[in-house]
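Below, each chain spelled out in residue letters.
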Amino acid sequence: MVATSTLKTKSSECISELVDRRYDQACIEKELDFWDHCLAEPQRNADVTEDQSCQQLAKMFENCLSRAKKTTLHCSAVLVPEKLTRRIAREVLRLASCEPCGLRGCVLYVDLELDKGCKRLERIVYDATVVPTFELTLVFKQDGTAWPSLRDFLFMGTCFAPTFRHALKLSSGFRLVKKKLYSSSAGTVVEEC
């Protein structure tokens, strides 16, 4: 069944025609109710889909940080400000919205800004079946105001290797760098948040 704005909602002619074709009347009415709802509130349905994408993307960032915690960052915990991954996910979705394939055409590099430069945490291909059309580099920043805990000083050199940190605290700021892959004339977009 196709929903169009010209469909007369629940007209008896429409329902009787579908019943004559051996469709279940209760199923038909449920289907028409669904499409009436979609046509009445198209923005709400788009918001629900965008919110699901935002949650999925935020979870992807959290998983990336969790994996990098022991392998790349060499710490026991990564402290992330509340709603940081959601803010980043919204910005990524906004930057992807004007691309030909949207988020599906994105290759995302996740980095952490250190004193000596940036450290690559992970490379995420959102949809491996789509040829990438743009790259985003997400740069997390460390919280420079955080004092190391007394426990970190006590543990240094005893139980853990010298490069092991007890906890890494991220700042609420981040940087997104967007690079289009399909256009030689397109520049690089840098957004500080």
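Note: the structure precedes this text.
Quick word on the overall build of the protein
Across its full length, the protein carries five helices and six strands. Relative to its full complement of 193 residues, the protein shows a buried share of 33%. Considering only intrachain contacts with a sequence separation of at least 6, the fraction spanning at least 24 residues in the protein is 69%. Here the protein displays about 12300 Å² of accessible surface, and carbon together with sulfur accounts for 53% of that area.

Considerations on the packing of aromatic side chains
Tallied over the full model, the rule gives zero aromatic pairs. Here Lys178 stacks its cationic end above the ring of Phe134, 5.5 Å away from the centre of that ring.

Quick word on the pattern of salt bridges
Considering all chains together, one arrives at nine salt bridges under this definition. Between Glu91 and Arg94 there is a salt bridge, with the nearest N and O atoms lying 2.8 Å from each other. Pair noted here: Glu91 and Arg94 are both in helix 4 (residues 84-96), with a separation of three residues, about one helical turn. On the basis of relative accessible area, Arg94 is assigned to the partly exposed category, the value being 41%. One salt-bridge network, held together by shared partners, links Glu99, Lys178 and Lys180.

Let's talk about empty space enclosed by the protein
Applying the stated criterion across every chain yields a total of one cavity of 30 Å³ or more. Estimated volume of the largest cavity: approximately 40 Å³. Lining the largest cavity are Leu57, Val92, Leu103, Cys106, Leu108, Ile124 and Tyr126. For the lining of the largest cavity, the per-class residue count stands at seven nonpolar, no polar and no charged.

A closer look at the side chain of Lys178
Here Lys178 is to be found in strand 5 (residues 165-180). Lys178 gets classed as buried once you look at its relative accessible area, which sits at 4%. Among the polar contacts listed, one links the side chain of Lys178 to the backbone oxygen of Leu95, at a separation of 2.8 Å. A distance of 2.8 Å separates polar atoms of two side chains, one belonging to Lys178 and the other to Glu99.

A look at the environment of Cys118
Note on placement: Cys118 falls in strand 3 (residues 117-125). Remark: the alpha-carbon pair of Cys118 and Phe140, spanning 22 residues in sequence, is separated by 9.2 Å. The contacts of Cys118, once residues within four sequence positions are left out, are Asp111, Leu112, Glu113, Val139 and Arg175.

Some details on the pairing of strand 3
In this sheet, strand 3 lies alongside strand 2 (residues 106-114) in antiparallel orientation, the contact comprising eight bridges. Within strand 3, the position partnered with Tyr109 by the bridge is Arg123. What sits between the antiparallel neighbours strand 2 and strand 3 is a turn of two residues.

Remarks on helix 4
For an α-helix, the turn length of 3.6 residues means that residues three or four places apart are oriented alike. An ideal rise of 1.5 Å per residue puts 18 Å on 13 residues; helix 4 measures up with 18 Å between its terminal C-alpha atoms. Within helix 4, burial applies to Leu84, Thr85, Ile88, Ala89, Glu91, Val92, Leu93, Leu95 and Ala96.

Rules used in this analysis
- Residues numbered from 1 in each chain as written.
- Predicted model: local features only at pLDDT ≥ 70, side-chain atom pairs only at ≥ 80, totals over all residues.
- Heavy atoms only, no water.
- Helix = DSSP H or I, 4+ residues; strand = E, 2+ residues; numbered from the N terminus.
- Buried < 20%, exposed > 50% of the residue type's maximum accessible area, 1.4 Å probe, protein only.
- Contact = heavy atoms within 4.5 Å.
- Areas by Shrake-Rupley, 256 points an atom, 1.4 Å probe, with all protein chains shown as cover.
- Phe/Tyr/Trp six-rings, centres within 6.5 Å; stacked < 30°, edge-to-face > 60°.
- Lys NZ or Arg CZ within 6 Å of the ring centre and 35° of its normal.
- Salt bridge = Lys/Arg side-chain N within 4 Å of Asp/Glu carboxyl O.
- 1 Å grid on protein atoms, 1.4 Å probe; cavity = no way out; pocket = protein on both sides within 12 Å on 5 of 7 lines; lining within 4 Å.
- Points joined across faces, edges and corners; volume = space filled by probe spheres on them.
- Nonpolar A, V, L, I, M, F, W, Y, C, P; charged D, E, K, R; others polar.
- Polar contact = N/O pair within 3.5 Å; in protein donor to acceptor, adjacent residues only side chain to side chain.
- Pairing = 2+ DSSP bridges.
- Expected span 1.5 Å × (residues − 1).

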